[in-house]
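Read off the chains here:
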Amino acid sequence: MQKLVVLGATGTIGRNTLDLVRRHPQRLQAYALSANRDVEALAALCIEFRPRHAVMADVASAEALRARLAAAGVPTTVHGGGAALAAIAADAEADQVMSAIVGAVGLLPTLAAVRAGKRVLIANKEPLVMAGRLLMREAEAAGATLIPIDSEHNAIFQCLPPDSRCGRAPAHVRRLILTASGGPFRETPLEALAAVTPQQAVRHPNWVMGPKISVDSATMMNKGLELIEASVLYDLPDAQLDVVIHPESAIHSLVEYVDGSMLAQLGHADMRVPIAHALAWPERWESGVGGLDLAALGRFRFEAADLQRFPCLGLARAALRAGGDAPNVLNAANEVAVQAFLEGRLSYPGITEVIDRTLAAAARRTASPAEDLDAILAVDAWARAVAQEAVGA
Ligand code: MG
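Right, let's walk through the structure included here.

Calculation criteria
Residues numbered from 1 in each chain as written. Predicted model: local features only at pLDDT ≥ 70, side-chain atom pairs only at ≥ 80, totals over all residues. Heavy atoms only, no water. Pairing = 2+ DSSP bridges. Helix = DSSP H or I, 4+ residues; strand = E, 2+ residues; numbered from the N terminus. Axes fitted to C-alpha atoms, helices over the stretch in contact; angles between N-to-C directions. Buried < 20%, exposed > 50% of the residue type's maximum accessible area, 1.4 Å probe, protein only. Right-handed = clockwise from strand over helix to strand, strands pointing away. Expected span 1.5 Å × (residues − 1). Arc of directions from axis to C-beta. Contact = heavy atoms within 4.5 Å. Salt bridge = Lys/Arg side-chain N within 4 Å of Asp/Glu carboxyl O. Polar contact = N/O pair within 3.5 Å; in protein donor to acceptor, adjacent residues only side chain to side chain. Phe/Tyr/Trp six-rings, centres within 6.5 Å; stacked < 30°, edge-to-face > 60°.

**Structural notes on the sheet that holds strand 6 (residues 119-122)**
Part 1: Strand order in the open sheet formed by seven strands is 4-3-2-1-5-6-7, and the pairing between neighbours is parallel. Where the open sheet ends on each side, the last strands, each with one partner, are strand 4 (77-80) and strand 7 (145-148). Each strand axis lies, on average, 20 degrees off the axis of its neighbour in the sheet, ignoring direction.
Part 2: Bridge count between strand 2 (residues 28-35) and strand 3 (residues 53-56): four bridges; the pairing is parallel. Considered in strand 3, the bridge of Ser34 is made with Val55.

**Quick notes on unusual backbone geometry**
Excluding glycine, a negative phi dihedral is what most residues carry, and trans is how most peptide bonds are arranged.
Part 1: Following Trp281, the chain continues to Pro282 via a peptide bond in cis, the omega torsion being 5 degrees.
Part 2: Residue position: Pro282 is located in the loop between helix 11 (272-280) and helix 12 (294-297).
Part 3: Its identity is not glycine, yet His172 carries a phi of approximately 65 degrees, on the positive side.
Part 4: In this fold, His172 is placed in the loop between helix 7 (151-159) and strand 8 (173-180).
Part 5: Here His172 falls in the exposed class, since its relative accessible area comes to 59%.
Part 6: At Ser249, a residue that is not glycine, the phi angle is positive and equals roughly 50 degrees.
Part 7: With respect to the secondary-structure elements, Ser249 resides in the loop between strand 9 (241-245) and strand 10 (251-257).
Part 8: Residue Ser249 is classed as buried on the basis of its relative accessible area, which comes to 7%.

**Details of the pairing of strand 1 (residues 2-7)**
Part 1: Two elements, strand 1 and strand 2, share five bridges in a ladder whose sense is parallel. Paired with Val6 across the bridge in strand 2 is Leu33.
Part 2: Taking the sense of rotation as the criterion, the β-α-β connection linking strand 1, helix 1 (residues 12-23) and strand 2 turns out right-handed.
Part 3: Bridge analysis of strand 1 against strand 5 (residues 96-99) gives four bridges, and the strand direction is parallel. Residue pairing in the sheet places Val5 in a bridge with Val97 of strand 5.

**Here's the deal with helix 16 (residues 373-392)**
The periodicity of an α-helix, 3.6 residues per turn, causes residues three or four places apart in sequence to face the same way.
Part 1: Here helix 16 contains 20 residues, and its C-alpha end-to-end distance of 29 Å stays within 8% of the 28 Å for a straight helix at 1.5 Å per residue.
Part 2: Taken together, the buried positions of helix 16 are Leu373, Ile376, Val379, Asp380, Ala383, Ala387, Ala390 and Val391. Taken down its axis, helix 16 places every buried residue within 125 degrees of arc, on the same side. Residues of helix 16 that are exposed and angled more than 90 degrees away from the buried face: Asp374, Glu389 and Gly392.
Part 3: As for helix 16, its buried residues are in contact with helix 5 (107-115), helix 6 (126-142), helix 14 (326-342) and helix 15 (348-363).

**A short note on the pattern of salt bridges**
Part 1: Scanning the model with the defined rule gives 31 salt bridges in all.
Part 2: We note a salt bridge from Glu40 to Arg68, for which the minimum N-O separation is 2.9 Å. Within this pair, whereas Glu40 is found in helix 2 (residues 39-49), its partner Arg68 is found in helix 3 (residues 59-72), the two being separated by 28 residues in sequence.
Part 3: With a shortest N-O distance of 3.4 Å, Arg133 and Glu371 are connected by a salt bridge. In this pair, Arg133 sits in helix 6 while Glu371 sits in the loop between helix 15 and helix 16, placing the two residues 238 residues apart along the sequence.

**Digging into the side chain of Glu256**
Part 1: Mapped onto the elements of the fold, Glu256 is located in strand 10.
Part 2: Overall, the relative accessible area of 7% leaves Glu256 in the buried class.
Part 3: Within the local environment of Glu256, its side chain forms a polar contact with the side chain of Arg175, the two groups lying 2.5 Å apart.
Part 4: In this structure, Glu256 is in contact with His172, Val173, Arg174, Arg175, Ile177, Ser261 and Met262, ignoring residues within four places of it in sequence.

**Structural notes on the packing of aromatic side chains**
Part 1: For the structure on display, the rule yields three aromatic pairs.
Part 2: Judged by centre distance (5.4 Å) and plane angle (80 degrees), the rings of Phe185 and Tyr348 are edge-to-face. Of the two residues, Phe185 sits in the loop between strand 8 and helix 8 (198-201) while Tyr348 sits in helix 15, which places them 163 residues apart along the sequence.
Part 3: Phe185 gets classed as buried once you look at its relative accessible area, which sits at 5%.
Part 4: On the accessibility criterion, Tyr348 (8% relative accessible area) is buried.
Part 5: Measuring from centroid to centroid gives 5.8 Å for Phe341 and Tyr348, while their planes differ by 65 degrees, and the two rings are edge-to-face.

The structure is reproduced here in structure tokens:
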């Protein structure tokens, strides 16, 4: 029986993970669940799964959850705050940690799980983008096993030789090719993009996801962050990483080897597939998802990503090439810009402008690249302040 910590239990990834716990009660136990401030949603999950611990990142919400569970007679111990989140991620009894907290706030608990040598299932890309070098260094030192959940990186993991591990450059690989759906604006006339609303941007054609990542998919910043994520996870430079638009979202990514062979992983656009793979690895478990009906699908399309349509992808490539603090700055500026867009304070093209301005300001700084956690968080805070100012400008 594996004891599982689910950080971000009430989100899309968290709920899909708990669906697998439901399917495999002999193998998996929900040991600890966390949420940000949705008391009712976490209470319902605690009532069903009876975890030993529950953590609300928001302290006042922890108080409310404690009262709610006491009234329901559920014996779960409730904790509150960021320090409790990091402590539960490193809990001595936990075997696997699903790291699925959206945004930069997921960094500290992810790092705590890595430092504790856990098997860490990484679903949130921000920690890898912000602090990739630090995370991989600490994982190596603590003997932590990292398994990517992001569908593209999980697909690559599945297409690499069985002895491959994250953090090492895979042998005989010429290129990793990330597939992208192209999002809701793949065919929108370029001049219409200026007037795009948040409601249009969050309507993804193939995947059901939270609002932030849906906007990132529309701008293709999501793919840009994934390029950086792939560079960190598989220790490969920009020149060996490619993106291709594949509107069917059936091929989740490919690995090209030096002999010209290309291996791909295919499946339904259902996150239970990569989650089941990671939870079971190196075994395979039933996920509740069937295979593709290839004859019904008929054909697969591929096209190059147009950087005029998706300028955020170009910005992410530039940040990857620049290295140092640039990926961290890119991520922070993007979070600020997307939030402002979702709140109606920034136009759709404004997202690109804010990130571009913040990266330009970062390039003028002379500080040496951040290596430790405090320095990384300081760069993140600096970039957010610069981006906030750019939103207001
Ligand atoms: Mg992805």
